Amino acid sequence: MSSVFDDLVGQEHIIDILKGAVAASRTGSHSQEMTHAWVFTGPPGSGRSLAAVAFAQALICPNQGCGTCNECESAATGGHPDVDVIRTEGLSIKVEEIRELLTRVAWAPSMGGWRVVVMEDADRLTESAANALLKAIEEPGTRTVWLLCAPTLHDVLPTIRSRCRHLQLRTPSIESVTEVLIKRDKISPTMADFAARVSQGHIGRARYLATNESVRSNRKVIMQLPLQLGSLAAAFQAAQTLIDIATDEAITSSESRDEKEIEKLQEAYGKGATGRGVATGAAKAVKELEKAQKSRATRMIRDSIDGALLDIATFYRDVMMVQSELDSMINIEMREQIEGYAASTASHSTAHKIIAIIEARKNLVNNSAPLVICESLMCRLAK
Ligand SMILES: [Zn+2]
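The rules we used
- One numbering rule holds for all chains: residues counted from 1, following each sequence as written.
- Per-residue local features of the predicted model are confined to residues with pLDDT of at least 70, and side-chain atom pairs are confined, for both listing and counting, to 80 or more; whole-chain, interface and lining totals are unaffected and use all residues.
- By convention in this description, side-chain values take in all heavy atoms of the structure and omit both hydrogens and water.
- A run of H or I in DSSP becomes a helix once it reaches four residues, and a run of E becomes a strand once it reaches two; helices and strands are each numbered from the N terminus.
- Radius of gyration: C-alpha atoms only; globule rule: 2.2 Å multiplied by the number of residues to the exponent 0.38.
- Working definition: with a 1.4 Å probe on protein chains only, accessible area under 20% of the residue-type maximum means buried, over 50% means exposed, and in between means partly exposed.
- Whether two residues are in contact is decided by their heavy atoms, any of which lying within 4.5 Å being enough.
- Calculation of accessible area relied on Shrake-Rupley with a 1.4 Å probe; when residues are assessed, cover is drawn exclusively from the protein chains displayed.
- Positive charges come from Lys and Arg alone, negative charges from Asp and Glu alone, with His and the N- and C-terminal ends not counted.
- In plain terms, the charge of a residue is placed at NZ if it is Lys, CZ if Arg, CG if Asp and CD if Glu.
- Here a patch means residues that are over 30% exposed by relative accessible area and free of salt bridges, tied together within 9 Å if like-charged and within 5 Å if nonpolar (Val, Leu, Ile, Met, Phe, Trp, Tyr).
- The term salt bridge refers to a pairing of a side-chain nitrogen on Lys or Arg with a carboxyl oxygen on Asp or Glu at a separation within 4 Å.
- Here the coordinating atoms are restricted to nitrogen, oxygen and sulfur within 2.8 Å of the metal centre, or 3.2 Å for Na, K and Ca, and because water is not among them the sites may look incomplete.
- Irregular is the label for any site that misses the other tests, which are tetrahedral for four donors with all angles between 85 and 135 degrees, and square planar for four donors or octahedral for six when opposite donors exceed 155 degrees and the remaining angles lie between 65 and 115.
- Nine residue types can take part in a nonpolar core, namely buried Ala, Val, Leu, Ile, Met, Phe, Trp, Tyr and Cys, and a core is a set of them joined through side-chain atoms within 4.5 Å.
- What qualifies as a polar contact is a pair of N or O atoms within 3.5 Å, subject to a donor-acceptor requirement within protein and to the restriction that residues adjacent in sequence count only when both atoms come from side chains.

J.: Is there a simple way to explain the overall build of the chain in this structure?
T.: Of the regular secondary structure elements, the chain holds 15 helices and 5 strands. Taking 2.2 N^0.38 as the reference for a compact globule, 383 residues should give roughly 21 Å; the C-alpha atoms of the chain span a radius of gyration of 23 Å, in line with that estimate. The C-alpha extent of the chain, read off along each of the three principal axes, is 65 × 55 × 40 Å. Buried residues in the chain amount to 44% of all 383 residues. For the chain, restricting intrachain contacts to residue pairs at least 6 apart in sequence, the fraction spanning at least 24 positions comes to 70%. For the chain, the exposed area adds up to about 19400 Å²; of that, 55% sits on carbon and sulfur atoms. Of the charged side chains in the chain, 43 are positive and 47 negative, and the gap between their average positions amounts to 3 Å.

Pasting the structure below:
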């Protein structure tokens, strides 16, 4: 029989725990297996929110997570009254949002089982938001289950994480990602192998790459940048190219969504309605939505830049492998160029370049200006 847990690639070690919790939850009380607060951690792309949503489905499904019934489907698509999936579009989750959420989930579950809140970016909670959440998690005897997702345990406030059961996801192997792309997404074996390999186990990125021609050609351009850093002027040009591509990619994927959202909102208010109260209400709501969309765009551009930096890091990683005489290459399509670069540079400088990329990624999170970060990085990579 199929199950919602089938989609969790390479996470067998946590699937057993989750299934045990689901079985125990049927007794209706808290137990050692079933607790009301969980933290899912794992590197980007390991599927931590996928795991949390699967768990939410299994908790409310009459068949413990069949993946095909109404409960399962509506939980996954956001239409289930007892399941809230909180996706942050902005850079942080504010206390107002948590307060609003808490009033919403204060009601008993409508179907009599559990009420589940999946918070995809618990690392983006502001301190006051985290404290408001803590109070709710501490409250005993409620029917609400909290599933928090974060890159690492350190990204969650200590007071919160001490009250949660922790599940650590693994980066799935390249083989298992390849297999999923072939079997589930019907992607050709050659393409699946390429996408899984260069995405390094990041399944979402692998699928995006495998199904999107323009994303693949953008990646090609990005991967050539390390080879074009002959002068300072070229380094600045490379930074601009990276920003342009990342921005372009982020905008293409968000523009159509933005328009649809505004249309939907206007419909909700009755497009063309003339009542004065309605008109001002609609205008205010549209303004708020536009603000949220802008904040989301900022985040998407940052994520996209970060993805490009990760791609570039695989270039230097390959160079280092060649310099260390290890036979392990991610970008085998670039073998000749990588070997040439490795022969013309020293391995200690490669290490410095990889460190420079790690630092640039950290600075990107800290909200510095992306172009400035990329310019300074490219100058360091040019040396
Ligand atoms: Zn089901």
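J.: It is not clear to me how a negative patch on the surface should be interpreted in this structure. Could you clarify?
T.: On the surface, a cluster of negative charge is made up of Glu255, Glu259, Glu263 and Glu267. By the element assignment, Glu255 lies in helix H11 (residues 232-268). Judged by relative accessible area, Glu255 falls into the partly exposed class, the value being 47%.

J.: What exactly am I supposed to notice about the pattern of salt bridges here?
T.: Proximity of charged atoms lets side chains of opposite charge pair with each other. With the rule as written, the count across this model stands at 20 salt bridges. Between Glu339 and Arg335 there is a salt bridge, with its nearest N and O atoms 3.6 Å apart. A residue pair is termed a helical-turn pair when its members lie 3 or 4 positions apart in one helix, as Glu339 and Arg335 do in helix H13 (residues 335-344) at 4 residues. The class of Glu339 is partly exposed, set by a relative accessible area of 35%. Several salt bridges share partner residues, and in doing so they unite Asp82, Asp84, Glu100, Arg104 and Arg115 into one network.

J.: Sorry, what's going on with the coordination of the zinc ion here?
T.: Under ideal tetrahedral coordination, the four donors around a metal are separated by 109.5 degrees; under ideal octahedral coordination, the six donors are separated by 90 or 180 degrees. For the zinc ion, the protein coordination sphere consists of Cys61 (SG), Cys66 (SG), Cys69 (SG) and Cys72 (SG), at 2.3 to 2.4 Å. One way to put it: the 4 donor atoms around the zinc ion meet at angles of 100 to 119°, and that makes the site tetrahedral. Mapped onto the sequence, the donors of the zinc ion take the spacing C-x4-C-x2-C-x2-C.

J.: It is not clear to me how the nonpolar core should be interpreted in this structure. Could you clarify?
T.: Soluble, globular proteins show a tendency: their nonpolar side chains are buried together. Ranked by internal contacts, the top residues of the largest apolar core, which has 35 residues, are Phe5, Trp38, Phe40, Phe55, Val116 and Leu147. Every element with two or more residues in this core is listed here: helix H1 (12-25), strand S1 (37-41), helix H2 (48-60), helix H3 (70-77), strand S3 (115-119) and strand S4 (144-150). If you tally residues by element for this core, the top one is H2, at 9 residues. Ignoring sequence-local partners within four residues, the contact set of Phe55 consists of Phe5, Leu18, Ala21, Val22, Met34, Trp38, Phe40 and Leu147. Counting residues in hydrophobic clusters, the runner-up holds 34 residues, among them Leu229, Ile245, Leu364 and Leu381.

J.: Sorry, what's going on with the side chain of Thr178 here?
T.: Summarising the element assignment, Thr178 is placed in helix H7 (residues 174-183). Residue classification places Thr178 among the buried positions, given a relative accessible area of 12%. In this structure the side chain of Thr178 is engaged in a polar contact, spanning 2.7 Å, whose partner is the backbone oxygen of Ile174. Discounting residues that sit within four places of it in the chain, Thr178 has contacts with Ala192, Asp193 and Ala196.

Interpretation note: all reported values are geometric properties and have no functional meaning in isolation.
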